[in-house]
Amino acid sequence: MTALDALRSALDSLRASPLRSALTMLGIVIGVAAVIAMVAVGAGARDQVMRQIASLGTNLVMVGQGSVVRSGVKLGAGTAATLTEDDATAILNDIPAVTVTAPSVRWGLQIVAGNQNWGTVMFGITPDYMEARDWSIVQGRGISDQDVTQAEKVVVLGQTVVRSLFGGGDPVGEQVRVFSTPLTVVGVLGEKGQNTQGQDQDDVIFLPLSTAKRNIPGMAKSNPRFIHSVVVKTQDGADQDEAQTQIRELLRQRHRLIDGQDDDFWMRNLSEVAATRDASSRALSFLLAAVAAVSLLVGGIGIMNIMLVSVTERTREIGLRLAIGAKRRDILMQFLIESTTLSLIGAAVGVVTGIGTAMVVAGLAGWPTLIRVDSVVLAVVVSGLVGVFFGLYPARRASRLNPIEALRHE
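Below is a short write-up of the structure. Residue positions are given per chain, counted from 1 along the sequence in the order it is written. The model is predicted, so local features are restricted to residues of pLDDT at least 70 and side-chain atom pairs to those at 80 or more, both for listing and for counting; the totals for chains, interfaces and linings are taken over all residues. The basis for every side-chain value is the complete set of heavy atoms in the structure, and neither hydrogens nor water enter the calculation.

Focus on a nonpolar patch on the surface
Thinking step 1. Each patch groups residues whose relative accessible area exceeds 30% and which form no salt bridge, using 9 Å between like charges and 5 Å between nonpolar side chains of Val, Leu, Ile, Met, Phe, Trp and Tyr. Each accessible area is a Shrake-Rupley result for a 1.4 Å probe, and residues are judged covered by the shown protein chains and nothing else. The term salt bridge refers to a pairing of a side-chain nitrogen on Lys or Arg with a carboxyl oxygen on Asp or Glu at a separation within 4 Å. Side chains of Val373, Val377, Val381 and Leu385 sit close together on the surface and give an oily, nonpolar patch of about 380 Å² of accessible area.
Thinking step 2. Segments assigned H or I by DSSP are reported as helices when at least four residues long, segments assigned E as strands when at least two residues long, and all are numbered from the N terminus. Topologically, Leu385 is positioned in helix H12 (residues 373-399).

Points about the environment of Lys213
Thinking step 1. Along the chain, Lys213 turns up in helix H7 (residues 209-215).
Thinking step 2. Judged by relative accessible area, which is 12%, Lys213 ranks as buried.
Thinking step 3. Sequence spacing of Lys213 and Gly124 is 89 residues, and the spatial spacing of their C-alpha atoms is 7.6 Å. Only protein chains enter the calculation, and the probe is 1.4 Å; a residue is then buried if its accessible area is under 20% of its type maximum, exposed if over 50%, and partly exposed in between.

Side note on the pattern of salt bridges
A side chain with one charge may pair with a side chain of the opposite charge, provided their charged atoms come close.
Thinking step 1. Applying the stated rule across the entire model yields 8 salt bridges.
Thinking step 2. Residues Asp147 and Arg141 are paired through a salt bridge, measuring 2.7 Å at the closest nitrogen-oxygen approach.
Thinking step 3. A salt bridge links Asp263 to Arg252; its shortest N-O distance comes to 2.5 Å. Linking Asp263 in the loop between helix H8 (240-254) and strand S12 (265-269) with Arg252 in helix H8, this pair joins segments that are 11 residues apart in sequence.
Thinking step 4. The buried category is assigned to Arg252, whose relative accessible area is 17%.
Thinking step 5. Here the salt bridges do not stand alone but share partners, grouping Glu85, Asp86, Lys213 and Arg225 into one network.

What to know about a negative patch on the surface
Thinking step 1. When charges are counted, Lys and Arg contribute as positive and Asp and Glu as negative, whereas His and the chain ends are disregarded. A charge is said to be at NZ when it belongs to Lys, at CZ for Arg, at CG for Asp and at CD for Glu. A cluster of like negative charges, contributed by Asp239, Asp241, Glu242 and Glu249, occupies part of the molecular surface.
Thinking step 2. The residue Asp239 is located in the loop between strand S11 (229-234) and H8 in this model.
Thinking step 3. By relative accessible area, which is 48% here, Asp239 ends up partly exposed.

So, the side chain of Lys192
Thinking step 1. With respect to the element layout, Lys192 can be found in the loop between strand S9 (181-189) and strand S10 (204-208).
Thinking step 2. Despite its burial, Lys192 pairs with no opposite charge, the nearest such side chain being Asp134 at 6.0 Å.
Thinking step 3. A polar contact of 3.4 Å, which involves the side chain of Lys192, links it to the backbone oxygen of Asp134. Polar contact criterion, stated in full: a pair of N or O atoms within 3.5 Å, where within protein one must be able to donate a hydrogen and the other to accept it, and residues adjacent in sequence count only if both atoms are side-chain atoms.

Topic: the packing of aromatic side chains
Thinking step 1. Two rings from Phe, Tyr or Trp (for Trp, the six-membered ring) form a pair when their centres sit within 6.5 Å of each other. Planes less than 30 degrees apart are called stacked, planes more than 60 degrees apart edge-to-face, and all others tilted. Summed over all chains, the structure comprises 5 aromatic pairs.
Thinking step 2. Ring geometry for Phe123 against Phe206: centres 6.0 Å apart, planes inclined by 90°, an arrangement best described as edge-to-face. Here the residue Phe123 occupies a position in strand S5 (residues 116-125), and Phe206 occupies one in strand S10, the gap between them amounting to 83 residues. For the pair Phe123 and Phe206, one class covers both residues: buried.
Thinking step 3. Ring centres of Phe389 and Phe390 lie 5.1 Å apart, and the angle between their planes is 85°; this geometry places the pair in the edge-to-face category.
Thinking step 4. Residue class for Phe389 comes out exposed when judged on its relative accessible area of 58%.
Thinking step 5. Cluster of aromatic residues (ring-pair linked, three or more members): Phe123, Tyr129, Trp135 and Phe206.
Thinking step 6. Cation over ring: Lys192 sits above Trp135, and NZ or CZ is 5.3 Å from the ring centre.
Thinking step 7. In our convention, an over-ring charge means Lys NZ or Arg CZ found within 6 Å of a ring centre and within 35 degrees of that ring's normal. It is Arg268 that lies over the ring of Trp266; its NZ or CZ is 4.7 Å from the centre.

Written out as C-alpha coordinates, the structure is:
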(Lines give C-alpha, C1' and ligand atoms only; values in the text may rest on other atoms or scores of the structure.)
Protein backbone atom coordinates (compact mmCIF):
# COMPACT_ATOMS: atom_id res chain seq x y z
CA MET A 1 0.00 0.00 0.00
CA THR A 2 1.36 3.40 -0.97
CA ALA A 3 0.99 6.55 1.10
CA LEU A 4 -1.58 7.80 -1.43
CA ASP A 5 -3.62 4.62 -1.04
CA ALA A 6 -3.47 5.00 2.74
CA LEU A 7 -4.62 8.62 2.46
CA ARG A 8 -7.57 7.62 0.26
CA SER A 9 -8.49 4.88 2.73
CA ALA A 10 -8.32 7.39 5.59
CA LEU A 11 -10.59 9.86 3.79
CA ASP A 12 -13.08 7.10 2.95
CA SER A 13 -13.14 6.10 6.63
CA LEU A 14 -13.76 9.70 7.71
CA ARG A 15 -16.55 10.15 5.16
CA ALA A 16 -18.22 6.97 6.37
CA SER A 17 -18.92 8.56 9.76
CA PRO A 18 -18.91 12.35 9.25
CA LEU A 19 -20.60 13.25 12.55
CA ARG A 20 -18.24 11.08 14.57
CA SER A 21 -15.25 12.53 12.71
CA ALA A 22 -16.47 16.08 13.29
CA LEU A 23 -16.93 15.52 17.01
CA THR A 24 -13.49 13.89 17.19
CA MET A 25 -11.88 16.91 15.54
CA LEU A 26 -13.64 19.41 17.80
CA GLY A 27 -10.90 19.43 20.43
CA ILE A 28 -8.24 20.04 17.77
CA VAL A 29 -10.35 22.79 16.21
CA ILE A 30 -10.76 24.56 19.56
CA GLY A 31 -7.09 24.16 20.43
CA VAL A 32 -5.76 25.51 17.14
CA ALA A 33 -8.30 28.36 17.09
CA ALA A 34 -7.30 29.28 20.65
CA VAL A 35 -3.61 29.30 19.75
CA ILE A 36 -4.10 31.57 16.73
CA ALA A 37 -6.53 33.93 18.48
CA MET A 38 -4.30 34.03 21.57
CA VAL A 39 -1.18 34.90 19.62
CA ALA A 40 -3.10 37.48 17.54
CA VAL A 41 -4.42 39.27 20.62
CA GLY A 42 -1.11 39.04 22.47
CA ALA A 43 0.95 40.23 19.50
CA GLY A 44 -1.52 43.03 18.84
CA ALA A 45 -1.37 44.17 22.46
CA ARG A 46 2.44 44.15 22.47
CA ASP A 47 2.52 46.01 19.15
CA GLN A 48 0.18 48.66 20.50
CA VAL A 49 2.29 49.08 23.64
CA MET A 50 5.45 49.46 21.57
CA ARG A 51 3.78 52.03 19.32
CA GLN A 52 2.54 53.97 22.36
CA ILE A 53 6.02 53.92 23.90
CA ALA A 54 7.51 54.99 20.57
CA SER A 55 5.01 57.87 20.37
CA LEU A 56 6.38 59.21 23.65
CA GLY A 57 9.88 59.22 22.20
CA THR A 58 12.77 56.79 22.43
CA ASN A 59 15.46 56.36 25.11
CA LEU A 60 13.71 58.76 27.46
CA VAL A 61 13.94 59.43 31.18
CA MET A 62 11.27 61.75 32.55
CA VAL A 63 12.15 63.99 35.52
CA GLY A 64 9.50 65.99 37.34
CA GLN A 65 8.74 67.89 40.55
CA GLY A 66 8.60 65.83 43.70
CA SER A 67 6.67 66.26 46.93
CA VAL A 68 6.91 68.81 49.72
CA VAL A 69 6.63 67.66 53.35
CA ARG A 70 4.93 70.11 55.69
CA SER A 71 4.34 69.26 59.34
CA GLY A 72 4.96 65.61 58.53
CA VAL A 73 2.41 65.63 55.69
CA LYS A 74 3.54 64.80 52.15
CA LEU A 75 1.61 67.08 49.79
CA GLY A 76 2.12 64.91 46.71
CA ALA A 77 4.05 65.00 43.44
CA GLY A 78 4.34 68.43 41.82
CA THR A 79 4.40 70.46 45.03
CA ALA A 80 8.20 70.82 45.26
CA ALA A 81 9.15 73.77 43.05
CA THR A 82 12.87 72.98 43.11
CA LEU A 83 13.44 71.84 39.51
CA THR A 84 15.01 74.50 37.28
CA GLU A 85 16.34 75.07 33.80
CA ASP A 86 19.84 74.98 35.29
CA ASP A 87 19.18 71.39 36.40
CA ALA A 88 18.39 70.48 32.79
CA THR A 89 21.60 72.13 31.61
CA ALA A 90 23.64 70.33 34.26
CA ILE A 91 22.19 66.95 33.28
CA LEU A 92 23.16 67.55 29.64
CA ASN A 93 26.69 68.69 30.50
CA ASP A 94 27.55 66.21 33.28
CA ILE A 95 25.95 62.92 32.23
CA PRO A 96 27.88 61.38 29.28
CA ALA A 97 25.01 59.21 28.04
CA VAL A 98 22.60 62.16 27.71
CA THR A 99 22.20 63.74 24.25
CA VAL A 100 19.22 66.08 24.78
CA THR A 101 17.48 67.67 27.74
CA ALA A 102 14.19 69.49 27.24
CA PRO A 103 12.83 71.56 30.15
CA SER A 104 9.14 72.44 30.09
CA VAL A 105 6.26 73.91 32.05
CA ARG A 106 2.71 72.57 31.86
CA TRP A 107 -0.65 74.18 32.46
CA GLY A 108 -4.30 73.35 31.84
CA LEU A 109 -6.11 76.28 30.23
CA GLN A 110 -8.75 77.49 27.78
CA ILE A 111 -7.74 78.52 24.27
CA VAL A 112 -10.01 80.79 22.18
CA ALA A 113 -10.16 81.25 18.40
CA GLY A 114 -12.91 83.58 17.16
CA ASN A 115 -16.16 82.33 18.68
CA GLN A 116 -14.72 78.88 19.41
CA ASN A 117 -12.93 77.77 22.57
CA TRP A 118 -11.36 74.57 23.82
CA GLY A 119 -9.93 73.32 27.11
CA THR A 120 -6.48 71.87 26.54
CA VAL A 121 -3.00 71.49 28.02
CA MET A 122 -0.27 74.05 27.35
CA PHE A 123 3.41 73.15 27.32
CA GLY A 124 6.05 75.86 27.47
CA ILE A 125 9.02 74.27 25.69
CA THR A 126 12.36 74.75 24.01
CA PRO A 127 13.14 73.40 20.51
CA ASP A 128 14.90 70.41 22.10
CA TYR A 129 11.53 69.16 23.35
CA MET A 130 10.47 68.35 19.79
CA GLU A 131 13.65 66.34 19.21
CA ALA A 132 13.42 64.48 22.52
CA ARG A 133 9.80 63.47 21.92
CA ASP A 134 10.36 62.69 18.21
CA TRP A 135 7.46 65.01 17.38
CA SER A 136 7.03 66.11 13.78
CA ILE A 137 5.52 69.27 12.28
CA VAL A 138 3.02 68.72 9.47
CA GLN A 139 2.14 72.37 8.78
CA GLY A 140 4.16 75.54 9.31
CA ARG A 141 7.10 75.37 11.70
CA GLY A 142 7.95 74.48 15.27
CA ILE A 143 9.20 76.53 18.20
CA SER A 144 12.62 78.06 17.44
CA ASP A 145 15.51 79.24 19.61
CA GLN A 146 14.69 82.81 18.59
CA ASP A 147 11.12 82.37 19.81
CA VAL A 148 12.42 81.32 23.22
CA THR A 149 15.11 84.04 23.40
CA GLN A 150 12.70 86.86 22.47
CA ALA A 151 9.61 85.40 24.17
CA GLU A 152 7.68 85.56 20.90
CA LYS A 153 3.90 85.24 21.18
CA VAL A 154 3.55 82.21 18.93
CA VAL A 155 1.93 78.82 19.40
CA VAL A 156 2.00 75.36 17.80
CA LEU A 157 -1.24 73.38 17.95
CA GLY A 158 -1.91 69.67 18.35
CA GLN A 159 -4.25 67.87 15.95
CA THR A 160 -7.13 67.62 18.44
CA VAL A 161 -7.02 71.37 19.12
CA VAL A 162 -6.96 72.12 15.38
CA ARG A 163 -10.05 69.98 14.81
CA SER A 164 -11.86 71.56 17.76
CA LEU A 165 -11.10 75.19 16.90
CA PHE A 166 -10.69 75.22 13.11
CA GLY A 167 -12.60 72.12 11.99
CA GLY A 168 -9.42 70.54 10.67
CA GLY A 169 -8.60 73.48 8.36
CA ASP A 170 -5.21 75.17 8.07
CA PRO A 171 -4.76 77.38 11.16
CA VAL A 172 -1.24 78.61 10.36
CA GLY A 173 -1.20 82.42 10.54
CA GLU A 174 -4.45 82.61 12.53
CA GLN A 175 -4.76 84.37 15.87
CA VAL A 176 -5.76 82.59 19.08
CA ARG A 177 -6.00 83.84 22.64
CA VAL A 178 -4.85 82.27 25.88
CA PHE A 179 -6.21 84.20 28.88
CA SER A 180 -5.67 87.79 27.64
CA THR A 181 -2.58 86.99 25.57
CA PRO A 182 -2.95 86.93 21.75
CA LEU A 183 -0.83 84.30 20.02
CA THR A 184 -0.08 83.62 16.36
CA VAL A 185 -0.35 80.01 15.18
CA VAL A 186 2.92 79.11 13.45
CA GLY A 187 2.62 75.34 13.12
CA VAL A 188 0.63 72.13 13.56
CA LEU A 189 2.00 69.03 15.26
CA GLY A 190 1.98 65.58 13.70
CA GLU A 191 -0.49 63.12 15.18
CA LYS A 192 0.68 61.03 18.17
CA GLY A 193 -2.47 59.28 19.37
CA GLN A 194 -2.96 57.99 22.90
CA ASN A 195 -0.17 57.40 25.37
CA THR A 196 0.21 54.35 27.62
CA GLN A 197 -2.33 55.82 30.08
CA GLY A 198 -4.91 56.35 27.36
CA GLN A 199 -4.51 60.14 27.31
CA ASP A 200 -4.81 62.06 24.04
CA GLN A 201 -1.31 63.35 23.24
CA ASP A 202 -2.69 65.51 20.43
CA ASP A 203 -4.79 67.64 22.80
CA VAL A 204 -1.89 70.05 23.47
CA ILE A 205 -0.48 73.42 22.48
CA PHE A 206 3.20 74.40 22.55
CA LEU A 207 4.46 77.87 23.45
CA PRO A 208 8.05 79.09 23.81
CA LEU A 209 9.15 78.42 27.38
CA SER A 210 9.88 82.09 28.07
CA THR A 211 6.52 83.19 26.64
CA ALA A 212 4.64 80.75 28.85
CA LYS A 213 6.43 81.95 31.96
CA ARG A 214 5.95 85.67 31.25
CA ASN A 215 2.39 85.73 29.96
CA ILE A 216 0.49 82.85 31.58
CA PRO A 217 -1.05 83.62 35.01
CA GLY A 218 -0.14 81.17 37.72
CA MET A 219 3.48 80.66 36.71
CA ALA A 220 5.94 81.21 39.56
CA LYS A 221 7.33 84.73 39.08
CA SER A 222 9.51 84.45 42.18
CA ASN A 223 11.67 81.80 40.50
CA PRO A 224 12.05 82.66 36.80
CA ARG A 225 14.15 79.51 36.16
CA PHE A 226 11.42 77.23 37.53
CA ILE A 227 10.19 74.32 35.36
CA HIS A 228 7.72 71.50 35.88
CA SER A 229 9.68 68.70 34.20
CA VAL A 230 12.66 67.71 32.08
CA VAL A 231 12.61 65.19 29.24
CA VAL A 232 16.04 63.53 29.07
CA LYS A 233 17.05 61.63 25.93
CA THR A 234 19.98 59.22 26.11
CA GLN A 235 22.20 57.72 23.42
CA ASP A 236 21.03 54.66 21.51
CA GLY A 237 22.14 51.55 23.37
CA ALA A 238 22.91 53.45 26.57
CA ASP A 239 22.12 51.79 29.91
CA GLN A 240 18.92 53.54 30.96
CA ASP A 241 19.16 52.39 34.57
CA GLU A 242 22.73 53.64 34.90
CA ALA A 243 21.82 56.99 33.33
CA GLN A 244 18.86 57.29 35.68
CA THR A 245 21.09 56.59 38.69
CA GLN A 246 23.58 59.25 37.59
CA ILE A 247 20.80 61.80 37.05
CA ARG A 248 19.40 61.10 40.52
CA GLU A 249 22.80 61.52 42.16
CA LEU A 250 23.42 64.77 40.27
CA LEU A 251 20.05 66.29 41.19
CA ARG A 252 20.36 65.29 44.85
CA GLN A 253 23.75 66.98 44.94
CA ARG A 254 22.44 70.13 43.23
CA HIS A 255 19.37 70.28 45.52
CA ARG A 256 21.59 69.70 48.59
CA LEU A 257 19.67 66.69 49.83
CA ILE A 258 21.35 64.82 52.69
CA ASP A 259 21.50 61.04 53.09
CA GLY A 260 18.16 59.66 54.20
CA GLN A 261 16.22 62.64 52.86
CA ASP A 262 13.60 61.87 50.22
CA ASP A 263 14.09 63.04 46.64
CA ASP A 264 12.31 66.31 45.87
CA PHE A 265 11.79 65.11 42.30
CA TRP A 266 10.48 61.99 40.59
CA MET A 267 11.95 60.00 37.72
CA ARG A 268 10.39 57.58 35.28
CA ASN A 269 12.23 55.36 32.82
CA LEU A 270 9.93 54.61 29.87
CA SER A 271 11.59 51.25 29.31
CA GLU A 272 10.14 50.22 32.68
CA VAL A 273 6.67 51.11 31.43
CA ALA A 274 7.23 49.06 28.30
CA ALA A 275 8.52 46.11 30.32
CA THR A 276 5.52 46.21 32.66
CA ARG A 277 3.00 46.34 29.84
CA ASP A 278 4.84 43.64 27.93
CA ALA A 279 4.91 41.40 31.02
CA SER A 280 1.15 41.81 31.40
CA SER A 281 0.48 40.87 27.78
CA ARG A 282 2.85 37.89 28.08
CA ALA A 283 1.01 36.67 31.19
CA LEU A 284 -2.26 36.83 29.24
CA SER A 285 -0.63 34.95 26.36
CA PHE A 286 0.64 32.20 28.65
CA LEU A 287 -2.81 31.84 30.19
CA LEU A 288 -4.44 31.48 26.80
CA ALA A 289 -1.65 29.11 25.69
CA ALA A 290 -2.46 26.86 28.65
CA VAL A 291 -6.11 26.76 27.55
CA ALA A 292 -5.03 25.94 24.01
CA ALA A 293 -2.69 23.18 25.23
CA VAL A 294 -5.47 21.57 27.26
CA SER A 295 -7.78 21.71 24.23
CA LEU A 296 -5.15 20.05 22.03
CA LEU A 297 -4.59 17.38 24.70
CA VAL A 298 -8.31 16.68 24.88
CA GLY A 299 -8.45 16.59 21.09
CA GLY A 300 -5.55 14.13 20.99
CA ILE A 301 -7.25 11.86 23.50
CA GLY A 302 -10.41 12.01 21.39
CA ILE A 303 -8.42 10.97 18.31
CA MET A 304 -6.86 8.02 20.19
CA ASN A 305 -10.27 6.95 21.42
CA ILE A 306 -11.91 7.05 17.99
CA MET A 307 -8.96 5.26 16.40
CA LEU A 308 -9.21 2.44 18.95
CA VAL A 309 -12.89 2.15 18.12
CA SER A 310 -12.02 2.14 14.43
CA VAL A 311 -9.49 -0.66 14.95
CA THR A 312 -12.11 -2.73 16.76
CA GLU A 313 -14.73 -2.13 14.05
CA ARG A 314 -12.31 -2.98 11.23
CA THR A 315 -10.61 -5.99 12.80
CA ARG A 316 -11.84 -8.38 10.07
CA GLU A 317 -10.67 -5.92 7.38
CA ILE A 318 -7.24 -5.77 9.01
CA GLY A 319 -7.08 -9.57 9.22
CA LEU A 320 -8.01 -9.84 5.56
CA ARG A 321 -5.30 -7.37 4.52
CA LEU A 322 -2.71 -9.25 6.52
CA ALA A 323 -3.88 -12.59 5.14
CA ILE A 324 -3.47 -11.54 1.50
CA GLY A 325 0.05 -10.22 2.02
CA ALA A 326 -0.12 -6.77 3.57
CA LYS A 327 2.85 -6.04 5.80
CA ARG A 328 2.47 -4.87 9.37
CA ARG A 329 4.13 -1.55 8.52
CA ASP A 330 1.42 -1.01 5.86
CA ILE A 331 -1.28 -1.38 8.52
CA LEU A 332 0.69 0.87 10.88
CA MET A 333 1.09 3.54 8.15
CA GLN A 334 -2.60 3.32 7.20
CA PHE A 335 -3.87 4.09 10.69
CA LEU A 336 -1.18 6.69 11.40
CA ILE A 337 -2.10 8.55 8.21
CA GLU A 338 -5.77 8.31 9.16
CA SER A 339 -5.20 9.81 12.63
CA THR A 340 -2.86 12.49 11.24
CA THR A 341 -5.35 13.37 8.48
CA LEU A 342 -8.09 13.69 11.09
CA SER A 343 -5.88 16.01 13.14
CA LEU A 344 -4.77 18.15 10.17
CA ILE A 345 -8.33 18.64 8.91
CA GLY A 346 -9.23 19.79 12.41
CA ALA A 347 -6.23 22.11 12.33
CA ALA A 348 -7.35 23.61 9.01
CA VAL A 349 -10.81 24.30 10.41
CA GLY A 350 -9.18 25.68 13.57
CA VAL A 351 -7.01 28.08 11.55
CA VAL A 352 -10.05 29.54 9.82
CA THR A 353 -11.94 29.71 13.14
CA GLY A 354 -9.00 31.32 14.95
CA ILE A 355 -8.48 34.01 12.30
CA GLY A 356 -12.21 34.70 12.24
CA THR A 357 -12.32 34.92 16.04
CA ALA A 358 -9.41 37.37 16.09
CA MET A 359 -11.13 39.57 13.50
CA VAL A 360 -14.42 39.50 15.42
CA VAL A 361 -12.62 40.42 18.65
CA ALA A 362 -10.88 43.29 16.88
CA GLY A 363 -14.17 44.54 15.44
CA LEU A 364 -16.47 44.16 18.45
CA ALA A 365 -14.26 44.49 21.51
CA GLY A 366 -11.84 46.98 19.96
CA TRP A 367 -8.81 44.93 21.05
CA PRO A 368 -5.75 45.19 18.84
CA THR A 369 -4.98 41.94 16.99
CA LEU A 370 -2.10 40.91 14.76
CA ILE A 371 -2.28 37.62 12.84
CA ARG A 372 1.17 36.02 12.78
CA VAL A 373 2.08 33.47 10.11
CA ASP A 374 4.47 31.67 12.44
CA SER A 375 1.66 31.02 14.94
CA VAL A 376 -0.48 29.49 12.17
CA VAL A 377 2.37 27.26 11.02
CA LEU A 378 3.18 26.25 14.61
CA ALA A 379 -0.43 25.37 15.36
CA VAL A 380 -0.72 23.19 12.25
CA VAL A 381 2.60 21.42 12.93
CA VAL A 382 1.69 20.75 16.56
CA SER A 383 -1.69 19.41 15.46
CA GLY A 384 0.02 17.03 13.05
CA LEU A 385 2.33 15.85 15.84
CA VAL A 386 -0.69 15.35 18.12
CA GLY A 387 -2.27 13.18 15.45
CA VAL A 388 0.91 11.10 15.11
CA PHE A 389 1.48 10.77 18.87
CA PHE A 390 -2.05 9.84 19.86
CA GLY A 391 -2.57 7.70 16.76
CA LEU A 392 0.59 5.65 17.29
CA TYR A 393 -0.82 3.30 19.94
CA PRO A 394 -4.00 2.39 17.99
CA ALA A 395 -1.91 1.97 14.81
CA ARG A 396 0.58 -0.34 16.56
CA ARG A 397 -2.27 -2.31 18.06
CA ALA A 398 -3.82 -2.75 14.62
CA SER A 399 -0.52 -3.80 13.03
CA ARG A 400 0.09 -6.48 15.68
CA LEU A 401 -3.23 -8.27 15.29
CA ASN A 402 -3.06 -11.99 14.53
CA PRO A 403 -4.52 -12.47 11.03
CA ILE A 404 -6.35 -15.73 11.93
CA GLU A 405 -7.90 -14.30 15.11
CA ALA A 406 -8.78 -11.12 13.28
CA LEU A 407 -10.64 -13.03 10.53
CA ARG A 408 -12.65 -14.88 13.18
CA HIS A 409 -13.66 -11.61 14.85
CA GLU A 410 -17.42 -10.94 14.79
